[in-house]
Amino acid sequence: MIKPIILIPTYNEAEAILGLLSELELLHRKMDFDVLVIDDNSPDGTADLVDSYDYPFVDILHREAKAGLGAAYRAGISNVLASENYSHVITMDGDGSHQVSDLESILGTEHPSNISLTLGTRWISGGSVVNWPLHRRILSKGGTAFARAALGIPLADLTGGFRAYSVPLLRRLNFESINSTGYCFQIEMVMASVAAGASVIEVPITFIERVNGVSKMSRTIVFEALKQTTIWGLQRKLGRSADKLHYVK
Ligand SMILES: Nc1nc2c(ncn2[C@@H]2O[C@H](COP(=O)(O)OP(=O)(O)OP(=O)(O)O)[C@@H](O)[C@H]2O)c(=O)[nH]1
Ligand SMILES: [Mg+2]
């Protein structure tokens, strides 16, 4: 039976990862899925903790060094696509901000069957953000508003990382052209999915600010996202649509 796989990128999430895996283990008793943690050789020993977590549904991809969220996801997705075992790829943060209780609606057994991309969304009715300072709210909402206007994609949360992609959708994408290394990978994946004709649905999620560990969000990452989105927006204005960016095979 093909099943979903949850990809969890981690860099220094030792304080959060086992809690998350235990919650997933509870859900796993009633729902079949696999988990792949993608760790960039976290100095805090995140990978050792995952290795010691002896559940057959959990695997880990060990990478040599920190290379950014986009690079980690590309490596994880490439692993998934090498297998025929999976129906969906769910992406989820490893710091406890994404709630296991929202997973069932992300996976959406009740969604229309043509849905190929589900976006967990903080900024629609029913969605919320807990314990975020004002500047993070402004950054997230402002970032999405800017990307929405620049790219002409009318969705409420383009930067969130809690999503489900159908494997057939991912197989249509040309990952050689999706090259954001940082968080703008999330925006680029929506652009590429829309270019590939994805049917998108947004479901509300509760995003809780990390309690442990340190944010990897940096000025460089914000700047990369801003610069990249501006370039994509200009390319669009010049008539170079996303499919001409060779996102679709
Ligand atoms: N493998 C890998 N994982 C990463 C990298 N950068 C971030 N992550 C993971 O990606 C997820 C999201 O990163 P966060 O730092 O939580 O980013 P955020 O949620 O936007 O910001 P905060 O919650 O405020 O920290 C977390 O599980 C991180 O550990 C990276 O370079 N490599
Ligand atoms: Mg986080």
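Note that the structure is predicted; figures quoted are calculated from it, not measured.

A. Quick peek at the overall build of the protein. In terms of regular secondary structure, the protein is built from eight helices and nine strands. In terms of overall dimensions, the protein is globule-like: its C-alpha atoms have a radius of gyration of 17 Å, near the 18 Å expected for 249 residues. Seen through its C-alpha atoms, the protein measures out along the principal axes to roughly 55 × 40 × 40 Å. With 249 residues in all, the protein has 40% of them scored as buried. When contacts within the protein are restricted to residue pairs at least 6 apart in sequence, those whose partners lie at least 24 apart make up 82%.

B. Local environment of the pairing of strand β1 (residues 3-10). For β1, a buried count of seven out of eight residues is recorded, marking the element as mostly surrounded by other parts of the structure. In terms of strand pairing, β1 meets strand β4 (residues 86-91) through four bridges, oriented parallel. Bridge assignment links K3 to a residue of β4, and that residue is Y86. Here β1 runs beside strand β2 (residues 34-39); their pairing, made up of six bridges, is parallel. Paired with T10 across the strands is D39, a residue of β2.

C. A look at the packing of helix α5 (residues 134-151) against helix α8 (residues 219-237). Between α5 and α8, whose axes approach to 8 Å, the crossing angle comes to 20 degrees. Taken together, the axis directions place α5 and α8 in an arrangement best described as roughly parallel. Judged by the twist between their axes, the crossing of α5 over α8 is left-handed. Residues L139, G143, F146, A147, A150 and L151 of α5 pack against V222, A225, T229, T230, W232, G233 and R236 of α8. In terms of residue class, the contact of α5 with α8 is made up of eight nonpolar, four polar and one charged.

D. Examining the UniProt feature "domain: Glycosyltransferase 2-like" (unreviewed entry) in the protein more closely. The sites that UniProt annotates as "domain: Glycosyltransferase 2-like" (unreviewed entry) are residues 6-172. For residues 6-172, the helix share is 38%, the strand share is 20%, and the end-to-end C-alpha distance is 20 Å.

E. Fine view of helix α3 (residues 69-81). The end-to-end C-alpha distance of α3 is 18 Å, a good match for the 18 Å that 13 residues give at a rise of 1.5 Å each. For α3, every residue scored as buried is listed here: L69, G70, A72, Y73, R74, G76 and I77. Elements that come into contact with the buried residues of α3 comprise β1, β2, β3 (58-62), β4, α6 (167-172) and α7 (184-195).

F. Inspection of the site of ligand 1 at higher detail. Lining the immediate surroundings of ligand 1 are 20 residues, of which P9, A72, G94, S215 and K216 lie closest. When contributions to the shell around ligand 1 are tallied by element, the ones reaching two or more residues are β1, β2 and α3. Taken together, the residues of the shell around ligand 1 sort by class into seven nonpolar, five polar and eight charged.

G. Just unusual backbone geometry, in detail. Phi is positive for N12, close to 55 degrees, though the residue is something other than glycine. Structurally, N12 is set in the loop between β1 and α1 (14-28). The class for N12 is buried, based on 21 C-beta atoms found within 10 Å. Of note in this structure, N131 is not a glycine but carries a positive phi near 65 degrees. Secondary-structure assignment places N131 in the loop between β6 (128-130) and α5. The class for N131 is exposed, based on 11 C-beta atoms found within 10 Å.

H. A look at the nonpolar core. One finds L7, V89 and M191 to be the most contacted residues of the largest nonpolar core, which totals 57 residues. The dominant element in this core, judged by the number of residues it contributes, is α7, at eight residues. Ignoring sequence-local partners within four residues, the contact set of V89 consists of I5, L7, I77, V80, Y165, V167 and L170.

About the thresholds
Residues numbered from 1 in each chain as written. Chains lettered and ligands numbered in written order. Predicted model: local features only at pLDDT ≥ 70, side-chain atom pairs only at ≥ 80, totals over all residues. Helix = DSSP H or I, 4+ residues; strand = E, 2+ residues; numbered from the N terminus. Rg over C-alpha atoms; globule rule 2.2 N^0.38 Å. Buried ≥ 20, exposed ≤ 12 C-beta atoms within 10 Å, placed from the backbone. Contact = placed C-beta atoms within 7 Å. Pairing = 2+ DSSP bridges. Axes fitted to C-alpha atoms, helices over the stretch in contact; angles between N-to-C directions. Parallel < 35°, antiparallel > 145°, perpendicular 65-115°, else oblique. Left-handed = near helix turned anticlockwise from the far one by under 90°. Nonpolar A, V, L, I, M, F, W, Y, C, P; charged D, E, K, R; others polar. UniProt positions renumbered as here; feature names shortened; annotations may be inferred. Expected span 1.5 Å × (residues − 1). Near = placed C-beta within 6 Å. Core = buried A, V, L, I, M, F, W, Y, C linked by C-beta atoms within 7 Å.

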